[in-house]
Amino acid sequence: MALEDKILVAVDSSDRCMETIKHITQRDPFQKKHLVLYHVFITLPDFYWDIEMEPQSRGAVAHARAWEAAKKNDIEKFMEKARKMLLDAGFPKEAVTVKIKQSEKGIARDIVEEAKDGYLAVIISRSGEGELPEPFLGSNASKVIHKLHFVPVFIAGKRLPGKNILVALDRSEGAMRAVDFVGELMGGHDFNVTLLHVIRNGEQIKPGASFKPMPEEDIQTEEQKMQAVFDEAKRRLVDYGFKPDHVTSKVITGASSPPRAIVQEAEQGGYSPIVIGRRGLSKLQEFFMGSVSNQVIQLGVEQAVWVVT
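Notes on the structure in this doc start here. (Residues numbered from 1 in each chain as written. Predicted model: local features only at pLDDT ≥ 70, side-chain atom pairs only at ≥ 80, totals over all residues. Heavy atoms only, no water.)

1. Section: the packing of aromatic side chains
Right, so step 1: In this structure the tally under the stated criterion is four aromatic pairs.
Right, so step 2: Where Phe181 meets Trp306, the ring centres are 6.5 Å apart and the plane angle is 90°; that geometry is what we call edge-to-face. Within this pair, whereas Phe181 is found in helix α6 (residues 173–186), its partner Trp306 is found in strand β12 (residues 305–308), the two being separated by 125 residues in sequence. Neither Phe181 nor Trp306 differs from the other in exposure class; each is buried.
Right, so step 3: Through pairs of rings, three or more aromatic residues link up here, namely Phe30, Phe154, Phe181 and Trp306.
Right, so step 4: The lysine or arginine in question, Lys163, covers the ring of Phe191, its NZ or CZ lying 4.5 Å from the ring centre. (Phe/Tyr/Trp six-rings, centres within 6.5 Å; stacked < 30°, edge-to-face > 60°. Helix = DSSP H or I, 4+ residues; strand = E, 2+ residues; numbered from the N terminus. Buried < 20%, exposed > 50% of the residue type's maximum accessible area, 1.4 Å probe, protein only. Lys NZ or Arg CZ within 6 Å of the ring centre and 35° of its normal.)

This is how it looks when you write it as structure tokens:
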């Protein structure tokens, strides 16, 4: 397989990660990709074993060795179970690779380094063993998302994926790249796509103050500009294999929080994943899109969220 067909699946031995594997089995397009199940194994530092020479510390060292062996056994069993689940779902044997690597720079940085090896995307779970509870992502997941600015990141949600995809759009190039990514990966598989644009309810005069409503004529102008974006996005998706009547568009106006409006739309419409671009045309747009995507990730705990570079 070509390098661009690889998808990196970062896992630990937690139940949440096993749910992520289950979600992957529900996505037919993934069966045409090469999945690399990747785990960064943390071992105790070498200097810890130096105390083994001290009689009073031998019990602690023996306990540490047993702990390390148990953790390694857990991840090996997880990988065996995960691989079998994927093969039973129809993935070819040659399309599923297991890779367990001893940590060199830390879990997040090691995942990022691996992702540089020509992957199409990286899949991570919201929180696994030792991570923070919902709605937080967990420290390692947050670090990975922040550093993986060069490759799309899929954050698995709680809800099993269905046939409905929500693509959040603005008028930036980054948003259209998200459209192209969805088209290339999901086209020809009978999915439904809703293209969504959210218009804020106005401009905040100062922190803590209410919003100044956007004039109706400005809302109409924005909607007209977005219609051209919707038309282009639909044209591209149809070219990638989506049925014309399976691509719709929607504008939400009067929203005080665009990220919250996006997530609420996904919840009400049964969408998963939510797809959003990470970058805009300018530094200001990159900051804005970055903040929106981060908030969507934090709020959308039920849905998978795909952040496309």
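2. Describing the pattern of salt bridges
Two side chains of opposite charge can pair, provided their charged atoms sit close to one another.
Right, so step 1: Going through the model one piece at a time under the given rule, you end up with 15 salt bridges.
Right, so step 2: When the shortest N-O distance is used, the salt bridge between Lys6 and Asp117 registers 3.3 Å. Placement of the pair is Lys6 in strand β1 (residues 6–10) and Asp117 in the loop between α4 (107–115) and β4 (119–124), with a sequence separation of 111 residues.
Right, so step 3: For Asp190, the salt bridge identified is with Lys243, shortest N-O distance 3.3 Å. Residue Asp190 is found in the loop between α6 and β7 (192–200), and its partner Lys243 is found in the loop between α7 (216–239) and β10 (247–255); the two are separated by 53 residues along the sequence.
Right, so step 4: Residue Asp190 is classed as partly exposed on the basis of its relative accessible area, which comes to 40%. (Salt bridge = Lys/Arg side-chain N within 4 Å of Asp/Glu carboxyl O.)

3. What about unusual backbone geometry?
Right, so step 1: The omega angle of the peptide bond from Ser272 to Pro273 is 20°, so this bond is cis rather than trans.
Right, so step 2: Tracing the backbone through its elements, the reader meets Pro273 in the loop between α8 (258–269) and β11 (274–277).
Right, so step 3: The backbone of Asp190 shows a phi angle near 65°, a positive value even though the residue is not glycine.

4. Structural notes on the environment of Pro161
Right, so step 1: Its place among the elements puts Pro161 in the loop between β5 (153–155) and β6 (164–168).
Right, so step 2: For the pair Pro161 and Ala304, spaced 143 residues apart in the sequence, the C-alpha separation amounts to 7.5 Å.

5. What to know about α8
Right, so step 1: Compared with the 16 Å implied by 1.5 Å per residue over 12 residues, the 16 Å span of α8 between its first and last C-alpha is a close match.
Right, so step 2: Every buried residue of α8 is accounted for by Pro258, Pro259, Ala261, Ile262, Val263, Glu265 and Ala266.
Right, so step 3: Taken from the residues just after α8, Gly270 is the one with a positive phi, measuring 65°. (Expected span 1.5 Å × (residues − 1).)

6. Topic: the pairing of β1
Right, so step 1: A large share of β1 lies buried, amounting to five of its five residues.
Right, so step 2: Judged by which residues are buried, β1 turns out to be covered on both faces: Lys6, Leu8 and Ala10 on one side and Ile7 and Val9 on the other are all buried.
Right, so step 3: Read from β1 through helix α1 (residues 15–25) to strand β2 (residues 34–41), the crossover connection turns out right-handed.
Right, so step 4: Note that β1 and β4 share four bridges and pair parallel. The residue of β4 that forms the bridge with Val9 is Ile123. (Right-handed = clockwise from strand over helix to strand, strands pointing away. Pairing = 2+ DSSP bridges.)

7. Quick look at empty space enclosed by the protein
Right, so step 1: The full count for this structure, using the stated rule, is one cavity of 30 Å³ or more.
Right, so step 2: Taken together, 16 residues make up the lining of the largest cavity; nearest its centre are His23, Phe30, Ala156, Ala304 and Trp306.
Right, so step 3: Of all the elements in the fold, those that place two or more residues in the lining of the largest cavity are α1 and β5.
Right, so step 4: Take the lining of the largest cavity: its biggest share by element is three residues, from α1. (1 Å grid on protein atoms, 1.4 Å probe; cavity = no way out; pocket = protein on both sides within 12 Å on 5 of 7 lines; lining within 4 Å. Points joined across faces, edges and corners; volume = space filled by probe spheres on them.)

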